[in-house]
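# Chains, contacts and geometry: an overview
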Amino acid sequence: MNNEGNLISVIMSVFNEPEVWLRESIESILNQTFNNFEFIIINDNPDSETNKLILNEYKEKDNRIAIINNEKNIGLTKSLNKGIDFAKGEYIVRMDADDYSFPYRLEFQYEFMQNNLNCVLCGSAAEFYYENKKNKKRKIYFLTDYQNIKWAMVFKNPILHPTVIMRMSVVKQYNIKYNTEIKYSQDYDLWCKLINYGELRNLDRILIRYRISNLQISTSKRAEQDFYANAIRRNYLMSLTGFSNINDLTIGNIKQSKFGKIAYRYLISSFYLEKINMFYFLLLIIRGDFFIIKRDISFILKTFKKKLFI
């Protein structure tokens, strides 16, 4: 596919990924069917000679690559913000240095955004690749409907960070960036900002291979990650429902809120869809339309207050 201008800015930060992973990631972008893009790579490990050699090698081969060398390690969040400031495309695409984008990724996501002008961000399904489980692969699909995504965000982050494409005009107009005060779950926080300006969607196509390895957040840091995610989740819920205090979130108050029955429907359906438990899926099948009963709302509110936010 040939187009005029750099319509897409692909942003990737590099730290200490193995050389073979880094090369696979870079080449997966360079070999896209959609070829008019700029590829912004931030080197967040300036002391690594390997990084410098690999990045300079690819830059000499392909003039679509732009290298930003940080003077010192500043972390992923600040590096991505530098990439956003540098970007000139109509869309921003995220890429991680240990993942692989299938050749048609940019083409599919660009066409979707062009045909859905009310969408500000679009992710996709992914093939999870488990390094520690004999290279096991698993296809993972996420919610695609905007309303389900909107309410599912109350419970978790339903969009995989390295799969996303974002509309640059919205990002620039409202000065939306990753929050450098948040140590983890910065992407989740960003989605909660973007949803104020348009729809968030996921394509049901597998567009990347997402690598699961020991180099990702360790189990020892999960509690800290959950702390930040829960704070984001709480603030998002308050913003979504219009309540200023978690204790105000009662069945009676929800009934009187601006969402009313809509809130009922999507809170229930999103909660069930986001639970990786066959019981909930069987319950959906049995009930057909997501009929709301008081017991369900009570259970969800109890989950909000006692398990997610405190």
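Definitions and cut-offs
Residues numbered from 1 in each chain as written. Predicted model: local features only at pLDDT ≥ 70, side-chain atom pairs only at ≥ 80, totals over all residues. Heavy atoms only, no water. Helix = DSSP H or I, 4+ residues; strand = E, 2+ residues; numbered from the N terminus. Buried < 20%, exposed > 50% of the residue type's maximum accessible area, 1.4 Å probe, protein only. Contact = heavy atoms within 4.5 Å. Areas by Shrake-Rupley, 256 points an atom, 1.4 Å probe, with all protein chains shown as cover. pLDDT = per-residue confidence, 0-100. Core = buried A, V, L, I, M, F, W, Y, C linked by side-chain atoms within 4.5 Å. Polar contact = N/O pair within 3.5 Å; in protein donor to acceptor, adjacent residues only side chain to side chain. Axes fitted to C-alpha atoms, helices over the stretch in contact; angles between N-to-C directions. Parallel < 35°, antiparallel > 145°, perpendicular 65-115°, else oblique. Nonpolar A, V, L, I, M, F, W, Y, C, P; charged D, E, K, R; others polar.

### Remarks on the overall build of the protein
Counting secondary structure elements, the protein contains twelve helices and nine strands. Of all 310 residues assigned to the protein, the portion counted as buried reaches 54%. When contacts within the protein are restricted to residue pairs at least 6 apart in sequence, those whose partners lie at least 24 apart make up 78%. Of the accessible surface of the protein, which amounts to about 15500 Å², a share of 49% is contributed by carbon and sulfur atoms.

### Notes on the confidence of the model for the protein
Averaged over every residue, the pLDDT of the protein is 82; the share at 70 or more is 75%. The low-confidence segment residues 276-281 (pLDDT under 50) makes six contacts with residues lying over four places distant or belonging to another chain. Note on residues 283-295: pLDDT is under 50 here. Beyond four places in sequence and across chains, it has 17 contacts.

### Re the environment of Arg205
Assignment of secondary structure puts Arg205 in strand 9 (residues 199-212). Residues Arg205 and Phe142 lie 63 residues apart in sequence; the distance between their C-alpha atoms is 9.8 Å. Not counting residues within four places of it along the chain, the set of residues in contact with Arg205 comprises Phe108, Ser124 and Ala125.

### A look at the nonpolar core
Within soluble globular proteins, side chains that are nonpolar tend to cluster in buried spots. Core analysis: the largest hydrophobic core is formed by 41 residues, its most contacted members being Ile11, Leu121, Met153, Met166, Trp191, Leu194 and Leu200. Elements with a contribution of two residues or more to this core: strand 2 (37-43), helix 3 (76-86), strand 6 (119-130), helix 5 (146-152), helix 6 (168-173), helix 7 (186-194) and helix 8 (222-241). A per-element tally of this core places helix 8 first, with six residues. Non-local contacts of Met153, meaning those with residues more than four positions away in its chain, are made with Pro158, Tyr188, Trp191, Cys192, Ile195, Leu200, Arg233 and Tyr236. By size, the runner-up hydrophobic cluster in this structure holds 38 residues, among which are Met12, Val14, Ala97 and Ala126.

### Let's talk about the side chain of Arg211
For Arg211, the location among the structural elements is in strand 9. A relative accessible area of 8% means that Arg211 is categorised as buried. Engagement of the side chain of Arg211 in a polar contact is seen with the side chain of Glu24, the distance being 3.1 Å.

### Notes on the packing of helix 7 against helix 8
How two helices sit against one another is set out by the angle between their axes and by the gap between those axes. Contact pair helix 7 / helix 8: the axes reach a minimum separation of 9 Å and the direction vectors enclose 10 degrees. What the angle tells us is that helix 7 and helix 8 run roughly parallel. On the side of helix 7, the interface is formed by Tyr188, Asp189 and Cys192, while helix 8 contributes Ala229, Ile232, Arg233 and Tyr236. Among the residues forming the contact of helix 7 with helix 8, the class breakdown is five nonpolar, no polar and two charged.

### Some words on the environment of Asn118
Of note, Asn118 is situated in the loop between helix 4 (105-115) and strand 6. Judged by its relative accessible area of 42%, Asn118 is partly exposed. Excluding anything up to four places from it in sequence, Asn118 contacts Gly198 and Glu199.

### Topic: the environment of Asn245
Within the secondary structure, Asn245 is located in the loop between helix 8 and helix 9 (251-256). Relative accessible area serves as the criterion here: at 33%, Asn245 is assigned to the partly exposed category. On a C-alpha basis, the gap between Asn245 and Asn235 in space is 9.5 Å, while along the polypeptide they are ten residues apart.

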